[in-house]
Structure formats: structure tokens, C-alpha cells
Amino acid sequence: MNLVLMGGLVSALSYHCGLHGRLGVTRQTLALPPGKRLPRPLKIAFASDFHAGPPTHAGIFRDLFAAVAAEQPDVLLLGGDYVSGPAANAAAMCPPLAACQPPLGKFAVLGNHDLSTDDADICRRLEAAGVQMLVNRAVTLPAPFDQVSICGLDDPWTGHPNAAAAFAGAAAVRVLLMHAPDGLLTVADRQYDIAFAGHTHGGQIALRDGTPLVLPEGPLSRPYHYGRFPVHGNGELIVSRGVGCSRIPVRINADPELVLCTVQ
């Protein structure tokens, strides 16, 4: 890949020509039932699928974290696939990530690309940038949001998802963070209020109506390839198009995005 993409020169050209797409902010609102209402609205930012490496120019990361700074979320969630290729490629996204300081913290899970390389090195780099890794564990937010837990689930295909551990000790309001929509296959009857996933890129190359030309792999990644979906018997699922490019440095009708969800 590095040879074909000329060590990032092709992705640099693609980015500066607008072929990475234009990063935007997609806004969602979740109204909790009366018994779970929060003291004030909680602003959650979610970004996924960075793919730092030859297919993705680092300029898109600067665009992303500039958008995060402008939106001033309470918490930032990261949905995995930080690199394409070696773990060291994560260095391209870490400086702007470290400079991003949401008051309630930054939390992350791993994706399939991360687990195909040195995932321990990726975790060390993200932790040095102030990120808490949630691999099959939950963290409860500080007051006044101490009734909210972020439940992080390992990747369903290349990791070892353990929903019992991911939900253990979680508070009443549960935010499920996972890399791929297929993580829902491991959740069983455990309840969450809102779930976030990436992995699909919205197809990365799609028709004008958003229909992917190549559907993502996975039994749930296909029907849940992009958008917001009700999940029978549970909370809703938001699937992001992600930020970077995988394999080829081009996005068509599948612009990169930051998801901003206000929970109230």
C-alpha cells in the first residue's frame, strides 16, 4: 500500500483536491425517558475510522479536531481503526488529539485494523494523548453525569468482545461504544440507551443517495451501513461514516464526519 500510494503523496494530492470529502458535523438528539433525565444536556462527540497512514492525509485530522474544539462537547468517543498499516502511523493523529481536552474525558475502543498490528503500541500512544481505552469495560462519568456510563466493547471479529465485562457496574444510563455494528450480536439482552459504531465508512464510495457501491462486510454492517437506527428491544444505534480513507484515498458521496449527540 505504501509503495502504491507513494508514501502518502497520493493521499496528499487527494486531500488538497477535495477527494477526501468535506468533513461535516452530524447532529443527533436523544431524549431519555423521564426516570433517566439528566441534570443538563450531555454533549457527546463521536469519531471513528481515522486510518492514519498512506491512504489518509493528516490534514483531515486537523479538520476533525478543529470541529471538536468549535463544538465544545462534554466527552469525546473514538470508535477504532486508528491506523492503516503499522501502529506507528497513529503518530499522525496524536498531537491534535492530545490538544483536545473535553471536560469529561476521551474514551476509545479498538478496531479490526488496530488489532491486525501492534495494538498495545496504539493503546500506549492514545493513552499518552489522554485517552482512556475501554476494551470490555465501563467507566462512569463524574458528577453531574454520574448516572451515565460509557461501555466499551472489543471488536466483534478480530477482538474478544465480552459484553458481561463491558456492562459490569454500569450506571442507569448506558452509552455503548463499539467499532462495528456487528458488536450488537454479542450484547444479548443487556440494555443500553444509545450505541455508537463506525467501521462501514458509509461505503466510502456511494451513489448520490448514499447507497454504497460495495457493501461493508458483516451481517449488521450491511443493513446498518450509515445513519441512525432503532434496535428492537434496545436503544438506538448511530453508525458514522468515519474520518479517514481505507485502501484508496478517495471518498465519493460519503463525506467524513464528526457525530455530535446531545443526550437530554
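Note that the structure is predicted; figures quoted are calculated from it, not measured. (Residues numbered from 1 in each chain as written. Predicted model: local features only at pLDDT ≥ 70, side-chain atom pairs only at ≥ 80, totals over all residues. Heavy atoms only, no water.)

**Side note on the overall build of the protein chain**
Phase 1: Assigned secondary structure in the protein chain consists of six helices and 12 strands.
Phase 2: On C-alpha atoms alone, the protein chain measures out to a radius of gyration of 17 Å, which is about the 18 Å that the 2.2 N^0.38 rule sets for 264 residues.
Phase 3: With the C-alpha coordinates of the protein chain rotated into their principal frame, the extents come out at 55 × 35 × 35 Å.
Phase 4: The burial tally for the protein chain puts 58% of its 264 residues in the buried class.
Phase 5: Across the protein chain, contacts joining residues at least 24 apart in sequence account for 73% of those joining residues at least 6 apart. (Helix = DSSP H or I, 4+ residues; strand = E, 2+ residues; numbered from the N terminus. Rg over C-alpha atoms; globule rule 2.2 N^0.38 Å. Buried < 20%, exposed > 50% of the residue type's maximum accessible area, 1.4 Å probe, protein only. Contact = heavy atoms within 4.5 Å.)

**Notes on the nonpolar core**
Phase 1: By size, the foremost hydrophobic cluster in this structure holds 33 residues, and its most contacted members are Phe-50, Leu-64, Phe-65, Leu-78, Tyr-82, Leu-97 and Leu-126.
Phase 2: Every element with two or more residues in this core is listed here: β2 (42-47), α2 (59-71), β3 (75-78), α3 (94-99), α5 (119-128), β5 (131-133) and β12 (257-263).
Phase 3: Counting residues per element, this core draws most heavily on α2, at six residues.
Phase 4: If sequence neighbours within four positions are ignored, Phe-50 has contacts with Thr-56, Phe-61, Leu-64, Phe-65, Leu-78, Gly-80, Asp-81, Tyr-82, Met-93, Gly-244 and Cys-245. (Core = buried A, V, L, I, M, F, W, Y, C linked by side-chain atoms within 4.5 Å.)

**Examining the sheet that holds β5**
Phase 1: Pairing is mixed in the open sheet, where six strands are placed in the order β1-β12-β2-β3-β4-β5. Two strands close off the open sheet at either side, each with one partner strand: β1 (24-30) and β5. The sheet shows a mean angle of 25 degrees between the axes of neighbouring strands, direction not considered.
Phase 2: In the packing of α2 onto the sheet, the strands contacted are β1, β2, β3 and β12, and the crossing angle to β12 comes to about 25 degrees.
Phase 3: In the packing of α5 onto the sheet, the strands contacted are β4 (106-108) and β5, and the crossing angle to β5 comes to about 145 degrees. (Pairing = 2+ DSSP bridges. Axes fitted to C-alpha atoms, helices over the stretch in contact; angles between N-to-C directions.)

**Things to note about the packing of aromatic side chains**
Phase 1: Taken as a whole and judged by the stated rule, the model has four aromatic pairs.
Phase 2: Seen from their ring centres, Tyr-224 and Phe-229 are 4.8 Å apart, and the 40 degrees between their planes marks the pair as tilted. In this structure, Tyr-224 and Phe-229 share a single accessibility class: buried.
Phase 3: Among the aromatic residues, those joined into a cluster by ring pairs are Phe-50, Phe-61 and Tyr-82. (Phe/Tyr/Trp six-rings, centres within 6.5 Å; stacked < 30°, edge-to-face > 60°.)

**Comments concerning the layout of surface pockets**
Phase 1: Within this model, the largest pocket holds a volume of roughly 590 Å³.
Phase 2: Every residue lining the largest pocket is counted, 23 residues in all, and those nearest its centre are His-199, Pro-216, Glu-217, Ser-246 and Arg-247.
Phase 3: Partitioned by chemical class, the residues of the lining of the largest pocket number seven nonpolar, 11 polar and five charged. (1 Å grid on protein atoms, 1.4 Å probe; cavity = no way out; pocket = protein on both sides within 12 Å on 5 of 7 lines; lining within 4 Å. Points joined across faces, edges and corners; volume = space filled by probe spheres on them. Nonpolar A, V, L, I, M, F, W, Y, C, P; charged D, E, K, R; others polar.)

**Quick look at the side chain of Asp-182**
Phase 1: Relative to the elements of secondary structure, Asp-182 occurs in the loop between β8 (173-177) and β9 (194-197).
Phase 2: Within the buried set, Asp-182 has no salt-bridge partner at all; the shortest N-O distance to an opposite charge, 8.2 Å, is to Arg-222.
Phase 3: A polar contact of 2.7 Å, which involves the side chain of Asp-182, links it to the backbone nitrogen of Leu-220.
Phase 4: Setting aside chain neighbours within four positions, we find Asp-182 in contact with Pro-156, Trp-157, Glu-217, Gly-218, Pro-219, Leu-220 and Ser-221. (Lys, Arg positive; Asp, Glu negative; His and termini not counted. Salt bridge = Lys/Arg side-chain N within 4 Å of Asp/Glu carboxyl O. Polar contact = N/O pair within 3.5 Å; in protein donor to acceptor, adjacent residues only side chain to side chain.)

**Side note on the environment of Leu-30**
Phase 1: Position of Leu-30 relative to the elements: it lies in strand β1.
Phase 2: Taking the relative accessible area as the measure of exposure, Leu-30 reaches 8% and is therefore buried.
Phase 3: With 53 residues separating them in the primary sequence, Leu-30 and Val-83 have C-alpha atoms 31 Å apart.
Phase 4: With residues up to four places along the chain from it excluded, the contact list for Leu-30 reads Asp-193, Ile-194, Arg-228, Cys-261, Thr-262, Val-263 and Gln-264.

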